[in-house]
Amino acid sequence: MEEKSKDHWALLNPGEENELEVFGYRTQNLRRALCLVTSILTCGFLLLVFYWKPQWRVWANCIPCPLQEADTVLLKTTDKFQRYMRKKVVCLYLSTLKFPISKNPEEPLVADRHSVINQAVLKPELKLQCVQVQKIRYVWNYSEKKFQKVGLLEDSNSCHDIYHTFGLGLTSEEQEVRRLVCGPNAIEVGIQPIWKLLIKQVLNPFYVFQAFTLTLWLSQGYIEYSVAIIILSVISIVLSVYDLRQQSVKLHNLVEDHNKVQVTVMVKGKGLQVLESRLLVPGDTIILPGKFSLPCDAILIDGSCVVNEGMLTGESIPVTKTPLPHSENTMAWKSHSSEDYRKHVLFCGTEVIQVKPSGQGPVRAVVLQTGYNTAKGDLVRSILYPRPLNFKLYNDAFKFIVFLACLGAVGFLYALGVYMYHGVSPRDTTTMALLILTVTVPPVLPAALTTGIVYAQKRLKKKKIFCISQQRINMCGQINLVCFDKTGTLTEDGLDLWGVVPTADNCFQEVHSFASGKDLPWGPLCAAMASCHSLILLNGTIQGDPLDLKMFEGTAWIMEDCSADYCKFGMLDSNTVIKPGPKASWSPVEAIAILRQFPFSSSLQRMSVVAQLAGEDHFHVYVKGAPEMLAKFCKSETVPKDFPQKLRSYTIQGFRVIALAHKALKIEKLSEVQNLAREKVESELTFLGLLIMENRLKKETKPVLKELSEAHIRMVMITGDNLQTAITVAKNSEMIPRGSQVILVEANEPEDFVPASVTWQLIENQENGLGRNETYLNIGNSSVPDGTRGSCYHFAMSGKSYQVIFQHFNSLLPKILVNGTIFARMSPAQKSSLVEEFQKLNYYVAMCGDGANDCGALKMAHAGISLSEQEASVASHFTSKMANIECVPQLIREGRAALVSSFGVFKYLTMYGLIQFIGTSLLYWQLQLFGNYQYLMQDVAITLMVCLTMSSTHAYPKLAPYRPAGQLLSPPLLLSVFLNTCFTCIVQVCAFLYVKQQPWYCEVYRYSKCFLDSQSNFSTNVSLERNGTGNATLIPGSILSFESTTLWPITTINCIMVAFIFSKGKPFRKPIYTNYMFSFLLMSALGLTVFILFSDFQAIYHGMQLIPTLTSWRVSILVAVLTQFCVAFFVEDVILQNRKLWLWIKKECGFSSKSQYRNWQKKLAEDSTWPPTHRTDYSGDGENGFINPGYEDPEQIPRAKSELGGQTPEEHFWTRL
């Protein structure tokens, strides 16, 4: 264990996902020399152990010391996996630069007062200590005594700092200092040499054990089997190396062009310079030309631009970026813009497709982050260093292998005792003892366990579902909760215009229906629809958000680039001009110029534009957004009094409702427009009306949700849309079944002397004249009827309420989540947080979304499914080319089939090892063992072929209403292995003892003369040749015996038998006979074994090292194994696989689920006061008064550091040996 002394220990990236503990060590020459000598004496085995356990290498070679003095650091992850890394501390010297550096400690090296560089360089030595961890460079901060990340601008910079410190560029000297300290702006992924990949594969602990096993077998003459395993291992290693090499090449090609971009940089005092992008440093000011691929993350400071962020989000919709606001306050620039700081940031790897200069010069941006610190670098790092998979199967598998190895150790001691007792030479004793040690752990294990996943992946690919994380397929078999985005996932991506409801004189007017074919009349509402959007004109085609596109098309106006024709309107400063199209209604305005845009923000829930009408000197503001949000910014006298009722009347019918507003600006100069603050623009508005859009359910949605519901898989909707609309869509899709109660949870932040509160309101269904299910709030004293308690009620809440509950009512959150179904107006950060909270309750969560605002949630989920046309999206584990949710049950089906296959193969290989172990142990009793070809028949012809085809059985077409077992160490599986071991042990021991009682039996290995004389008693045609000395020319006595002849067919048929028993079909896989290759191989193996058993051919007996026996004895052997098969099949199928029986046993024995959500469901079902329906709770009232101390920012909800309840750290088990 590491001691966390103040100087020796520090925290790297505190609070972030990649948080690490770092410990300082100094290498000691004496320790190093001792380790070198030990490595030589152990023939390099110690180096191998150090390769597997880097912390042992550090502890053996080094002594603890303060981090400031360390030459080696040991890093440990703070997650549940506790992985270690060893890194060398490197010293950089600024004296190597070509210009003099001031050694005065009071004089800063760089102009940025916030920069860590000023605190990281030790003067007068001009030395800097750094360490590189997972491609990110950290430098030692001598002032704060900790390692800090470099390659980025500090977050503490304010908007004022960014403009005044970096706005005119850096000096060439500061650029050189930053290049040395931060390193190149390059995302370099080298193509790994084949020899290096090969060594990494070969040094895997399992392959090392396999090499030891094969060396032993070859020394004993087991040539054929050893060669077969060597060939299999070589094929497996070559395929793995080829796959890794291909991935390395693909990733290299993906990022190669990133490092070769030419950029124009402003250098203070020298003007513009053209540089290679790898020379960029944080703080550089770059000029954005037209089309441009961004080589770094940058903050836009002048002009605006349109970018394609498809590489990050998987959604190729143009996004408008606006410059960082000029602000004199000292608030950090990110905090100044809260969650919307992204609208000012240009991310590395995205494409600039259009720039719009402000008129004060070219479009400029300040480099924010370089290299692997960028958004693209972060994605590449997530591929290079994936998070370990947290799945109980792999941890259980590791424990099982440890158990088998321990059993092998018992066999090793048993063999030592037997052979030493009989006085066998020490060399032969050791060899035979080591042989039985290798029997229990089958060498085919890694290949066999991955075949099920490979088959499932191929089947998914045929269904146009692509996977970038193979091991997630098994995890899909445990999914019991699926979160769906709404728009584009459950409902059609495109919206249809239904109508507009204009306002006049503080009242709603008659609805204008677009289905009527009438043109939308000119007015402020028409102008708002024509101009308030983020559409762009690219190569003559209008592109942008589908909602904006539908709204714009509804006006019948057209978009044009600004040209000299509009000089008379004073519109040369605008790149986009809107004018009436041929089919538009008459308009007194010839054109509208969009001068400035405030992009849509998911936290603000609105967007706005500043526009100028042709022929006018003043400017207009048009705003659109969520109705309930926009109404707050409108003059109260312009909002109709029946606004809430009118809004509800449309949202309860499932319509998407957008509000529009307007105001005239009292400024006349264009230069003032560019300096306007968003808060000033979006205030004192005049309410114009409502835009009603129809968002239809996809035809596949309802059947899929019904299938998931029948399979008892929970469904949750997480959307950014209106809460009432989300509830209606949930009811129409039957995500909320008919007759279920919906309880609205509304929470409010504390105000003045009023603490935070949460109100519960029951929503009731009523039938209206339109024939739709309408939803009304019932504020009376209704409650959920006693007879309908349990899972028949559903909570619905908004992102704002979720935020408040997370902060002020954290202990209440699990109670809500176990029955929470609708989460509306959720920001991307809240979606990720919600998925994590579900995981804490031990749900296995799948998230299905369109890949845009859902990126964080898709990555956070156990299985993220992106509906995208791209073959593989870096935003999610799975990408479906089908633009509907049919992929979800298909993925769960394949996951269940793959999981059951993995269990079946593992059980089979365990039994195969135990069957051979028992048979070999019995023969060892009389210093014998099975023959080479006998092992070869079992290992290659049966086990190898069976394992490679056993998992190819297709998934059952119907989802069962329960999941397969999620852990190997479960009573049914352990009992299955234990009982089958008992059955085979009984049969083998009885056969071993009973054969000795036969009148024709003799100890062949001792009395060959007796054996030859007794041959006259056999009714066989086998003739044995004699040599000159009168001895039979047969196999050496250590193999040939009646015992091995009896035990071999029993063990062989046992292997075939358990393969059949463990290949259960329904309910998770199709019946075994549908797997034609597997069925054929089983029948062929059984037929061949029976043929060898009953054949009377000398060549077969000689080759298989068997002795002819009486036909009656052979029949007895066959009857014994068939009896064993019947008993084993009955026990497995009727008892161990009987779910109802196990549920009854659990109930009678009082066993309860360890899952958090199960326990909460049980508690709440017994609580007569739950669910609340007509009350308000306040923070500080009893148990609900918990204030979450980890809460900091309402939009950036912190990742909880507590372990997910009931889950344990898992990895690939064979990498943990």
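Sequence positions are assigned chain by chain, starting from 1 and proceeding in written order. With pLDDT at 70 or above as the cut-off, local features in this predicted model cover only qualifying residues; side-chain atom pairs require 80 or more to be listed or tallied, and sums for whole chains, interfaces and linings still use all residues. The side-chain numbers reported here are obtained from all heavy atoms of the structure, hydrogens and water having been left aside.

- By the naming in an unreviewed UniProt entry, the chain goes by Cation-transporting ATPase and is assigned to Vulpes vulpes.
- UniProt positions are given in the numbering used here, feature names are shortened, and annotations may be inferred rather than shown by experiment. According to the UniProt record, the Sequence similarities (unreviewed entry) comment for the chain is "Belongs to the cation transport ATPase (P-type) (TC 3.A.3) family. Type V subfamily."
- Entered under Subcellular location (unreviewed entry) in the UniProt record, the comment concerning the chain runs "Membrane".

## Remarks on the pattern of salt bridges
Thinking step 1. The rule for a salt bridge is simple: a side-chain nitrogen of Lys or Arg has to be within 4 Å of a carboxyl oxygen of Asp or Glu. For the structure on display, the rule yields 26 salt bridges.
Thinking step 2. As a salt-bridge pair, Arg381 and Asp378 come within 3.7 Å of each other at their nearest N and O atoms. You can see Arg381 and its partner Asp378 sitting in helix H12 (residues 375-384), three residues apart, about one turn around the helix.
Thinking step 3. Remark: exposure states derive from per-residue accessible area (1.4 Å probe, protein chains only) relative to the maximum for the residue type, with buried under 20%, exposed over 50%, and partly exposed in between. Note on Asp378: relative accessible area 40%, which makes it partly exposed. Helix and strand labels come from DSSP, where a helix needs a run of H or I of at least four residues and a strand needs a run of E of at least two; each type is numbered from the N terminus.

## Focus on the sheet that holds strand S15 (residues 304-308)
Hydrogen bonds between backbone atoms are what pair the strands of a sheet, whose relative direction is either parallel or antiparallel.
Thinking step 1. When DSSP finds two or more bridges between two strands, those strands count as paired. Taken in spatial order, the four strands line up as S13-S18-S15-S16 in an open sheet, and their pairing is antiparallel. Single-partner strands in this sheet number two, and they are strand S13 (292-293) and strand S16 (318-321).
Thinking step 2. The sheet contact formed by S15 and S16 spans four bridges and is antiparallel. Bridge pairing in S16 places Cys305 opposite Lys321.

## Quick notes on the sheet that holds strand S8 (residues 136-141)
Thinking step 1. Pairing within the open sheet is antiparallel, and its four strands lie in the order S6-S7-S8-S9. With partners counted over all chains shown, the strands left at the sheet margins are strand S6 (90-93) and strand S9 (146-149), one partner each. The sheet shows a mean angle of 40° between the axes of neighbouring strands, direction not considered.
Thinking step 2. The pairing of S8 with S9 spans four bridges and is antiparallel. A fitted line through C-alpha atoms represents every axis, and for helices the fit uses only the stretch in contact; the resulting angles, taken between N-to-C directions, go from 0 to 180 degrees.

## Quick look at the packing of aromatic side chains
Thinking step 1. Side-chain rings of Phe, Tyr and Trp (the six-membered ring for Trp) are treated as a pair once their centres are within 6.5 Å; stacked means planes under 30 degrees apart, edge-to-face means over 60, and tilted covers the remaining angles. All told, the structure shown has 26 aromatic pairs when counted by the stated rule.
Thinking step 2. Seen in terms of ring centroids, Phe838 and Tyr843 are 5.9 Å apart; in terms of plane orientation they differ by 85°. Their pairing is edge-to-face.
Thinking step 3. The class of Tyr843 is buried, set by a relative accessible area of 1%.
Thinking step 4. Between the aromatic rings of Trp1000 and Trp1113, the centroid separation amounts to 5.8 Å while the plane-to-plane angle is 70°, which identifies the pairing as edge-to-face. Placement of the pair is Trp1000 in the loop between helix H31 (971-995) and helix H32 (1008-1013) and Trp1113 in helix H36 (residues 1111-1136), with a sequence separation of 113 residues.
Thinking step 5. Exposure remark for Trp1000: the relative accessible area of 8% places this residue in the buried category.
Thinking step 6. Since its relative accessible area comes to 6%, Trp1113 is described here as buried.
Thinking step 7. One aromatic cluster is present, formed by Trp760, Tyr793, Phe795 and Trp1170 through successive ring pairs.
Thinking step 8. Note on criteria: charge over ring means Lys NZ or Arg CZ within 6 Å of the ring centre, with the direction from the centre no more than 35 degrees off the ring normal. Between the NZ or CZ atom of Lys996 and the centre of the ring of Phe992, over which it lies, the distance is 4.9 Å.
Thinking step 9. In this arrangement the basic side chain of Arg1139 is found over the ring face of Tyr962, its NZ or CZ atom lying 4.1 Å from the centre.

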